[in-house]
Amino acid sequence: MKHTFSGGIVIPPAKENKALTAALPIEEWEPDRLRIPLRQSPGPALLPAVQPGDKVKIGQRVGHPAGDSGVPVHCGVSGTVTAVEEGSGPFGPGPVVFIENDHQRAEAPLLPAAEGRQGLRMLMREAGLIGMGGAGFPTYRKYDTDRGIRTLLINGGECEPYLTCDDRLMVFEARKVVTGALAMARAVAAPGGGAPQLLFCVEKDKAQAVTRLQEALRGDPKASRARVIVLPHRYPQGGERQLIQAVLGWELGAGVLPAQAGVLVSNVATAAAMADALQGHPLTHRIVTVSGKVGRPGNYRVPVGTLLADLLAHAGGALPESERDVLVSGGPMTGRLIQRGPSGPAREEVVLKTTGGLLALAREDGEEHPCIRCGGCARVCPSRLMPFVIDAAAIAGDSETCVRYHADQCIACGCCSYICPAYRRLAARVSMAREGIRARARRSSS
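Predicted, not measured: the structure shown is a model, and the values here were computed from it. (Residues numbered from 1 in each chain as written. Predicted model: local features only at pLDDT ≥ 70, side-chain atom pairs only at ≥ 80, totals over all residues. Heavy atoms only, no water.)

Let's shift gears to the sheet that holds strand β6 (residues 73–74). Spatial strand order, β3-β5-β6: three strands in an open sheet with antiparallel pairing. At either end of the open sheet lies a strand with only one pairing partner, and these are β3 (47–48) and β6. Two elements, β3 and strand β5 (residues 61–64), share two bridges in a ladder whose sense is antiparallel. Residue P48 lies in a different strand from β5, and its bridge partner there is G63. (Pairing = 2+ DSSP bridges. Helix = DSSP H or I, 4+ residues; strand = E, 2+ residues; numbered from the N terminus.)

Below, the structure is given as structure tokens:
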């Protein structure tokens, strides 16, 4: 089978800049302080589970959901709660817990062991698992289905430039990724039947990761129905729908959820976090690639709530050369420009469960010119949109045209802007049109 999907681009290795960190080990580091937002996924903010002055331990809950839709947030250090204040973040406003690290590494009691489908799903929730590839959707809600899941795809594509955190995870902790993925497959096994087919999806440029995963599978007797799928190098293959199309040949229609087609997709980091949960440890840390114009690029495993300014300083600091240099949380294609403070990222910017990268980059985009109607953006769009039409409509305030040309189906991959010879801000405006449509839909349904 020729593994491919609609649209997309091939980014040359020289522009990917993965070589800055692709051969480096994972470095463990923890800061002297944490700032833990209690809103780290879509949905309502959590309620604080601690108060100023409380002593906390590693793995202790600091925030819990008010209802049935969210997952708790846990602390990654031991120390003292210094404040609980209202703040904001990428997912919206909510309480923020400030913690001073005592570096004693005292640990809270382990999570209870889990058995069976429902037990594993409950463990996903109690451990605070969310989609760590960027979307942040609570994992237990994705796996709480009886639709008959036939295939589980573990996403190790990591096609975003600069980022190597998932690659390093697969190389150094492949057995953990496999163990967690097998448990996730058991969580959606059909009652009275076997677990779904388990496929680890890795692009061919990550040869070492492929080898390590294959070795881990051969060493696990429970992995008889699991295998590694090696995919061509293409962006944005790590997108959920693009991965399904590339691996299984299915192009899901608008509004069709993967579970409705009998397939689920989870990131390799989420699978590794599931393995930790099986050992009683909730999700408290993640690996972040710090790269670009920094003193010491690397892949750092840090507690959730680490200030990006502290992490950047630990990595040698940024090396700014002009006022146009930017800081990005995530990758350069889909990441978020972050606000600057006096010496780097602003105080509000921290590592979330979904933060895969911290980049110091030179802004390379040129002056925006009128569209030349070359059609390049439409040819590379994985969602089969016409970005140049939506771009013009967004500028004109023509929301009806944005709806008619399905701007709400944009996946914000950035391919259109990357390919545009006129340097149009296509991705930004199409994404704004998408959010406008979705906001109106939410208002009309409320």
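Turning next to the pattern of salt bridges. Counted under the stated rule, the structure contains 25 salt bridges. Note that R424 is salt-bridged to E368, the shortest N-O span being 3.8 Å. One end of the pair, R424, is in the loop between α13 (415–419) and α14 (426–445); the other, E368, is in the loop between β19 (357–362) and α10 (376–380), with 56 residues separating them in the sequence. By relative accessible area, which is 27% here, E368 ends up partly exposed. Across the pair E368 and R429 runs a salt bridge whose closest N-O atoms are separated by 2.3 Å. (Salt bridge = Lys/Arg side-chain N within 4 Å of Asp/Glu carboxyl O. Buried < 20%, exposed > 50% of the residue type's maximum accessible area, 1.4 Å probe, protein only.)

For sheets, the rule is that strands pair by backbone hydrogen bonds, running either parallel or antiparallel. Spatial ordering of the open sheet is given by β2-β8-β7-β4, a layout of four strands whose pairing is antiparallel. Both edges of this open sheet fall to β2 (33–37) and β4 (55–56), since each of them pairs with a single strand only. Of the pairings in the sheet, the one linking β4 to strand β7 (residues 79–87) comprises two bridges and is antiparallel in character. Residue K55 lies in a different strand from β7, and its bridge partner there is T80.

Below, the discussion takes up the nonpolar core. I154, V177, F200 and L213 are the most contacted members of the largest nonpolar core, which has 51 residues in total. The dominant element in this core, judged by the number of residues it contributes, is helix α5 (residues 174–187), at nine residues. Ranked by size, the runner-up nonpolar core spans 14 residues in total, among them V288, V290, L311 and A360. (Core = buried A, V, L, I, M, F, W, Y, C linked by side-chain atoms within 4.5 Å.)

As for its position among the elements, G344 is in strand β18 (residues 344–345). Spatially, the C-alpha atom of G344 lies 8.1 Å from that of L327, the residues being 17 residues apart in sequence. Apart from the residues lying within four places of it in its own chain, the contact partners of G344 are L327 and Q339. (Contact = heavy atoms within 4.5 Å.)

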